[in-house]
Amino acid sequence: MRAYHAKAGAGLWLLGMLVIAMLSTQALTKDWLETGFLALLPPAEQRPEIAEAVRRHNELNNRKVIWLAGAESTQQAVTLAGELKRQLQQSALFSRVLMQLPQQAYIDQYRQLFPYRYHLLDGQTRRMLDNDPQALIDQNLEMLYSPIGQMQAAALERDPLLLSSRYFNSQNPFKFKLEQGIVMLHDGHYSWALLLSDLQDAHLQLDKLEQLLALADTASAHIEAAGGRLMVSGMPLFTARGAQSAKQEISTVGIGSSLGIMVLLLATFRSPRPLLLSSLAIGSGLFAALIICILFFGKIHLLTLVFGASLIGVADDYAQHFLCDSLGVKNWEPSKGLRFILPGLAIGLLSNLLSYAGLGFSPFPGLQQIALFSASGLLVAWLTVVLLFPLLLTGFTFDHQPGLLKWTGYWEQRWPAWAFKNRHGLALLLVALIGGGIWQLRPQDNVRLLQSTPAELTDTADKIRQLFPVSRDSQFFLVSGKNQDDWYRNEQRLLENLEPLKQRHALEYYEGISGFWPDARKQGENYSILKRVLYDSGLLSRYMSNLGFTEATVKAELQQFIAVENNRLTLPEWLKTADEGKRQLWLGCDSASGCQSIVALSGIKNGSALSGLQDLPGVSWVDQVGQLSSLFARYRVRAGAMLAAACAIILAGLALRFGWRDALKISSVPVTAAALALAMLGWFGQLFSLFNLFALLLVLGIGVDYAVFFYIAGHKRASASLAVTLSALTTLLAFGLLAVSKTELVHAFGFTVAAGIVTALISAPLLGRSGRR
Amino acid sequence: MSFIIFIKALVLCLLFSSHAYADEVLPQITARLVKTAIAEGDFRQEKQLKVLRKPLISTGHFTYHHSKGVAWKTLTPILSLLLVNDTHLLTSQGEQTVPVAFGKIFTAMLGGDLAGLSDVFFITGTNQSASWQLQLSPKDELLKKVIDTMRLAGDDELRFVEIRESGGNITRIEFTRISHPAQLSPGQDADFARLSR
């Protein structure tokens with residue numbers, strides 16, 4: 001009968017695994033690994049058009065890699081940049097590598113916009129015409145009489161007022177020095193040649209990211225060998241470095257915890273069977289978790305796998321409880337053993353699942369994945385133990401005294417006795433430790449915690465931004481209007497308000513389409529004012545004659561001016577001439593949401609002055625980083641409440657099974673563990689954020705597990721303490737290793753869980769002891 | 001007959017030697033030039049634009065400082081100040097794009113750093129006892145689109161510059177009353193301070 005049950009269970013397990021294996025053929029064939037940092041963040045909690053604008057804004061930024069080849073002499077920098085360009089092109093990673101400025105594109109743009117020079121006046125020219133037209137004439141004379149202005153002089157015949165060169169000058173406000181068509185940046189006497197590249201795909205796969213890093217490293221070595229230096233920056237590089245360290249961590253944590261568990265199990269059981277069975281439980285759990293996660297989310301993030309690696313330690317617990325039950329029992333029968341430990345196993349699983357469900361309720365896709373991964377992995381490992389082990393453990397005996405038992409014996413008998421004797425002092429110490437630690441906690445809610453960024457990379461990025469202040473900040477304005485006219489009015493009003501802020505250095509630069517393209521009405525206005533103050537007033541004719549133009553040329557210019565009066569440049573026409581960066585600012589019009597555009601910002605120094613402008617009609621301030629950080633803070637508070645709720649649920653659940661008095665006793669272990677873990681964060685000056693609170697949920701789950709096993713152990717206290725010690729050690733090996741992570745979030749998780757488990761391990765044996773007295 | 005050939009050969013040889021390549025002439029001319037940290041003087045610039053019937057003539061005062069750059073103060077017909085070094089160009093209209101190789105040419109020229117010019121130009125020239133002359137043609141394709149040839153002439157100072165642009169416009173600058181003060185006047189210092197800001 002029993003054997004029949006065991007076989008049925010095993011059959012059920014086999015069937016389940018077959019289904020998962022079949023699903024895996026479908027899941028693992030597509031591209032299933034996610035590495036990007038943004039995939040971890042919750043979708044913007046705002047209107048869909050803002051989310052769309054954020055997507056467009058990021059799409060362009062997230063593909064850009066900036067390269068600076070530096071040398072003592074300009075000429076050498078140019079040579080190095082040329083070699084670098086060849087290397088980049090050969091790599092086939094990039095859709096575009098830009099070194100020389102695209103001369104032809106500028107010429108084409110000039111040619112296309114030239115017929116509209118009287119209509120497309122830049123802001124400064126327009127202000128001078130409004131206020132002091134003679135000043136405009138004087139500026140032109142100054143330019144023409146100076147030793148520079150060759151380009152302007154060459155255009156003088158066709159454009160005597162130099163309107164075109166004024167317009168183009170205002171379109172490109174950053175004045176960079178060019179050397180053989182390459183932008184040269186200077187840092188003292190050191191010269192840097194600039195190269196811009198766009199990756200082919202904003203979502204690079206892991207192997208491509210590794211190629212990018214390898215390329216950056218070889219290029220750097222190459223340039224340094226030639227006596228130069230290389231600086232590289234850009235979002236893809238941050239992602240690549242993050243993915244690289246995550247990969248290393250997966251192997252460190254995975255190999256470290258596997259090795260530790262192997263040594264522990266072999267030393268304890270002196271037989272390969274427990275090790276093989278534990279591996280089977282862990283392996284099927286991890287495999288099932290991977291497949292279920294991919295099927296559910298489409299893709300799985302690298303960071304989830306880092307956590308997944310640590311799951312090994314928890315998934316192993318159930319196997320340990322089962323195996324240790326056989327300690328010292330003659331003719332131990334697996335099915336009987338299972339019946340004895342099943343309540344403990346079930347409560348352990350439930351409390352763990354409950355804590356992972358807590359993670360799942362956070363809005364962060366990353367944590368949701370971790371929750372599903374861990375919960376499904378644990379469930380399958382648990383099912384493996386419960387369904388398969390009764391069959392596979394037939395005939396297993398465990399009647400030697402493992403070395404570990406000496407330690408656990410001391411720990412479960414002598415330590416509680418000593419602790420009971422000194423309970424007043426210990427209680428005081430505990431209160432002081434917890435109170436003092438919590439008092440020192442300083443919360444941090446920064447979105448950057450999700451990513452590991454080597455300081456070296458951040459320094460380079462800062463240095464590049466200082467030399468080349470063109471890169472747009474992540475904050476921007478979204479401007480909308482019912483129709484194109486309405487949008488134009490709104491954006492113009494915003495730009496008018498931004499100009500004084502720029503003068504006061506609240507920001508370096510802003511860029512909006514309406515600053516370059518006047519609408520039809522304004523084009524007409526521009527033309528009229530030129531006509532009134534320069535052409536009709538005779539100022540232009542005087543200026544031209546004084547310079548030395550012939551009568552005929554003056555007359556031709558006047559005729560030309562009259563002939564183009566009704567020229568108008570439409571927005572689509574202007575967009576066609578604009579470069580990619582400016583085109584990206586226009587989000588388009590549709591009947592549902594009207595017209596929308598982005599006003600991009602650079603070098604923001606006073607964010608609050610800028611965000612104040614969102615009260616203007618049709619203007620929204622979009623600050624992803626700020627929003628996420630406030631989201632973190634909000635969810636930190638919410639996670640605190642969740643933690644309290646979890647305590648209440650655990651208490652209620654335990655009370656149902658064991659009664660209120662004992663439920664309070666049992667839950668004192670996980671609560672103490674969580675409180676002390678929190679306090680340790682304060683004592684050790686560790687990062688305290690939302691994520692530590694999620695880690696405390698796990699501590700609660702695991703703490704309940706240990707406490708319950710000690711509580712129900714009864715006469716089997718020796719085997720329970722062995723099982724709990726083995727579980728705690730394996731969990732510590734796994735989560736403790738997470739503390740080596742360079743990603744703040746992962747590190748914080750590891751530290752918190754490790755501190756909590758040590759506390760739970762120390763306090764669990766106190767339970768049964770005091771309960772008996 | 002052979003005598004005539006000999007004479008011709010000799011003339012050719014002489015021509016060749018006086019019209020020697022930069023390698024030989026440049027160091028000789030450089031050696032002649034007075035080299036100090038500071039030079040200042042008056043200029044007269046004449047720009048001949050194809051479209052205009054008369055040249056644009058301006059006069060003023062220039063100051064060269066070996067590390068700070070050049071201040072070009074136009075006094076007539078319109079008052080203006082242009083400041084330039086290797087990397088920056090500042091006019092009353094603010095920061096400007098430094099035209100191709102302009103900063104370098106300007107500072108090298110006024111500082112007597114002819115070797116620096118040979119990075120950018122192919123240089124040939126003659127060096128005679130009374131005066132020297134150099135012909136410069138750009139090496140760089142981009143610069144060629146703007147400048148066709150340049151001519152520099154002088155004695156122990158640079159006295160004359162002619163720039164023939166590819167579009168046909170010509171700029172000629174004469175320098176007079178060149179002196180080498182030991183230090184800048186406070187006014188000149190203030191001008192340069194704006195450039196290094």
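Residues numbered from 1 in each chain as written. Chains lettered and ligands numbered in written order. Predicted model: local features only at pLDDT ≥ 70, side-chain atom pairs only at ≥ 80, totals over all residues.

**Thoughts on the overall build of chain B**
And step 1. When its secondary structure is counted, chain B shows six helices and eleven strands.
And step 2. Counting only residues that meet the buried cut, chain B has 35% of its 197 residues in that class.
And step 3. In chain B, the proportion of contacts linking residues at least 24 apart, taken out of those at least 6 apart, comes to 44%. (Helix = DSSP H or I, 4+ residues; strand = E, 2+ residues; numbered from the N terminus. Buried ≥ 20, exposed ≤ 12 C-beta atoms within 10 Å, placed from the backbone. Contact = placed C-beta atoms within 7 Å.)

**Some thoughts on the overall build of chain A**
And step 1. The number of helices and strands found in chain A is 29 helices and 13 strands.
And step 2. Against the globule reference of 28 Å for 773 residues, chain A gives a C-alpha radius of gyration of 35 Å, more extended than a compact globule.
And step 3. Principal-axis analysis of the C-alpha atoms places the extent of chain A at approximately 120 × 50 × 50 Å.
And step 4. By the burial criterion, 44% of the 773 residues in chain A qualify as buried.
And step 5. Considering only residue pairs separated by 6 or more positions, chain A has 81% of its internal contacts joining residues 24 or more positions apart. (Rg over C-alpha atoms; globule rule 2.2 N^0.38 Å.)

**Description of the interface of chain A and chain B**
And step 1. Contact residues are listed per partner, giving 26 residues for chain A and 33 residues for chain B.
And step 2. Every element with two or more residues in the side of chain A that touches chain B is listed here: α6 (133–145), α7 (150–155) and β4 (177–179) of chain A.
And step 3. Classifying every residue of the side of chain A that touches chain B by side-chain character gives eleven nonpolar, ten polar and five charged. (Nonpolar A, V, L, I, M, F, W, Y, C, P; charged D, E, K, R; others polar.)

**Side note on unusual backbone geometry**
And step 1. The residue after Thr76 of chain B, namely Pro77 of chain B, is reached through a cis peptide bond having omega 0 degrees.
And step 2. Tracing the sequence through the fold places Pro77 of chain B in the loop between β3 (69–76) and β4 (80–84).
And step 3. Within the chain, Ala92 of chain A stands out as a residue other than glycine whose phi angle is a positive 60 degrees.
And step 4. The residue Ala92 of chain A is located in the loop between α3 (74–91) and β3 (94–98) in this model.

**A short note on the confidence of the model for chain A**
And step 1. Per-chain confidence: chain A averages 84 in pLDDT, with 96% of residues scoring 70 or above.
And step 2. Per-residue pLDDT, averaged within each element of chain A, yields its smallest value for β4 of chain A (75) and its largest for helix α19 (residues 520–535) of chain A (94). (pLDDT = per-residue confidence, 0-100.)

**A word on the domain arrangement of chain A**
And step 1. On domain assignment, one finds that chain A holds domain 1 (2–34 + 239–450 + 627–772), domain 2 (64–100 + 180–200 + 204–233), domain 3 (114–173 + 518–568) and domain 4 (475–517 + 571–622).
And step 2. Between the C-alpha centres of domain 1 of chain A and domain 3 of chain A there is a distance of 76 Å. (Domains from an automatic or database assignment.)

**Remarks on helix α9 (residues 206–225) of chain A**
Residues and elements named next belong to chain A.
And step 1. Between its first and last C-alpha, α9 extends 29 Å over 20 residues, near the 28 Å set by a 1.5 Å rise per residue.
And step 2. Among all positions in α9, only Leu209, Leu212, Ala216, Ala219 and Ile223 are buried. Buried residues in α9, looked at end-on, bunch into an arc of 90 degrees, giving them a common side. The exposed set on the far side of α9, more than 90 degrees from its buried face, consists of Asp207, Ala214, Asp217, Thr218, Ala221 and Ala225.
And step 3. Buried positions along α9 lie against β2 (64–71), α3, β7 (229–233) and α10 (235–269).
And step 4. Directly after α9, the chain includes Gly227, whose backbone phi takes a positive value near 90 degrees. (Expected span 1.5 Å × (residues − 1). Arc of directions from axis to C-beta.)

**What to know about the sheet that holds β3 of chain B**
All names here are of chain B.
And step 1. Strands sit in the order β6-β5-β4-β3-β2-β1-β11-β10-β9-β8-β7 across an open sheet of eleven strands; the sheet is antiparallel. Edge positions in the open sheet fall to β6 (94–96) and β7 (121–127), since each of these has one partner strand only. This sheet shows a mean twist of 20 degrees between the axes of neighbouring strands, independent of strand direction.
And step 2. As paired elements, strand β1 (residues 38–48) and strand β11 (residues 170–179) share eight bridges and run antiparallel to each other. When the sheet's bridge partners are listed, Gln45 is paired in β11 with Ile173. (Pairing = 2+ DSSP bridges. Axes fitted to C-alpha atoms, helices over the stretch in contact; angles between N-to-C directions.)

**A few points about the nonpolar core**
And step 1. In terms of nonpolar packing, the biggest core is built from 163 residues, with Ala69, Ala193, Leu696, Val699, Tyr706, Ala707 and Phe710 of chain A touching the most fellow members.
And step 2. Top contributing element to this core by residue count: helix α27 (residues 690–713) of chain A, with 19 residues.
And step 3. Of the residues that make up this core, three or more belong to each of domain 1 (2–34 + 239–450 + 627–772) and domain 2 (64–100 + 180–200 + 204–233) of chain A.
And step 4. If we ignore the near neighbours within four places in the chain, the residues touching Ala707 of chain A are Ile666, Val669, Pro670, Ala764 and Leu767 of chain A.
And step 5. Within the second largest apolar cluster, 37 residues are counted, among which are Phe62, Leu89, Leu136 and Leu143 of chain B. (Core = buried A, V, L, I, M, F, W, Y, C linked by C-beta atoms within 7 Å.)

**Quick look at α3 of chain A**
Residues and elements named next belong to chain A.
And step 1. Over its 18 residues, α3 extends 26 Å from the first C-alpha to the last, a length consistent with the 26 Å expected when each residue adds 1.5 Å.
And step 2. Within α3, burial applies to Thr74, Ala77, Leu80, Ala81, Leu84, Lys85 and Leu88. The buried side chains of α3 occupy one side of the element, clustering within an arc of 150 degrees when seen end-on. Turned more than 90 degrees away from the buried face of α3 sit Arg86 and Gln90, all of them exposed.
And step 3. Two residues or fewer past α3, Ala92 is found with a positive phi of approximately 60 degrees.

**Side note on the environment of Gly360 of chain A**
Residues and elements named next belong to chain A.
And step 1. Mapping Gly360 onto the fold places it in helix α13 (residues 334–360).
And step 2. When the C-alpha positions of Gly360 and Leu372 are compared, they lie 7.1 Å apart, and in sequence the two are twelve residues distant.
And step 3. Setting aside residues no more than four positions away along its own chain, Gly360 makes contact with Gln368, Ala371 and Leu372.

**Side note on the confidence of the model for chain B**
Residues and elements named next belong to chain B.
And step 1. Residues with a pLDDT of 70 or more make up 84% of chain B, whose mean pLDDT is 80.
And step 2. Taken element by element, chain B is modelled with least confidence in helix α1 (residues 2–18), mean pLDDT 41, and with most confidence in strand β2 (residues 56–65), mean pLDDT 93.
And step 3. We note a pTM of 0.73 for the whole complex and an ipTM of 0.85 for its interfaces.

**Looking at the packing of α13 of chain A against helix α14 (residues 365–392) of chain A**
Residue and element names in this part refer to chain A.
And step 1. At a minimum axis separation of 9 Å, α13 and α14 run at an interaxial angle of 175 degrees. Here α14 runs roughly antiparallel to α13, going by the angle between their axes.
And step 2. Looking at side-chain class alone, the contact of α13 with α14 contains 19 nonpolar, five polar and no charged residues. (Parallel < 35°, antiparallel > 145°, perpendicular 65-115°, else oblique.)

**Thoughts on the environment of Gly328 of chain A**
Residues and elements named next belong to chain A.
And step 1. Relative to the assigned elements, Gly328 resides in the loop between α12 (302–325) and α13.
And step 2. You can call Gly328 partly exposed: it has 15 C-beta atoms within 10 Å.
And step 3. For the pair Gly328 and Ala226, spaced 102 residues apart in sequence, the C-alpha to C-alpha distance is 71 Å.

**Some points on the packing of α13 of chain A against α27 of chain A**
Residue and element names in this part refer to chain A.
And step 1. Where α13 meets α27, the axes come as close as 8 Å, and the angle between the chain directions of the two elements is 170 degrees. Here α27 runs roughly antiparallel to α13, going by the angle between their axes. Mapping the contact onto sequence places Pro343, Gly344, Ile347, Gly348, Ser351, Asn352, Leu354, Ser355, Gly358 and Leu359 in α13 and Phe694, Leu697, Leu698, Leu700, Gly701, Val704, Asp705, Val708, Phe709 and Ile712 in α27.

**Comments concerning the environment of Gln133 of chain B**
Residue and element names in this part refer to chain B.
And step 1. With respect to the helices and strands, the residue Gln133 is situated in strand β8 (residues 132–138).
And step 2. With 22 residues separating them along the chain, Gln133 and Asp155 place their C-alpha atoms 8.9 Å apart.
And step 3. Once residues within four sequence positions are removed from consideration, Gln133 is found in contact with Gly125, Thr126, Arg151 and Ala153.

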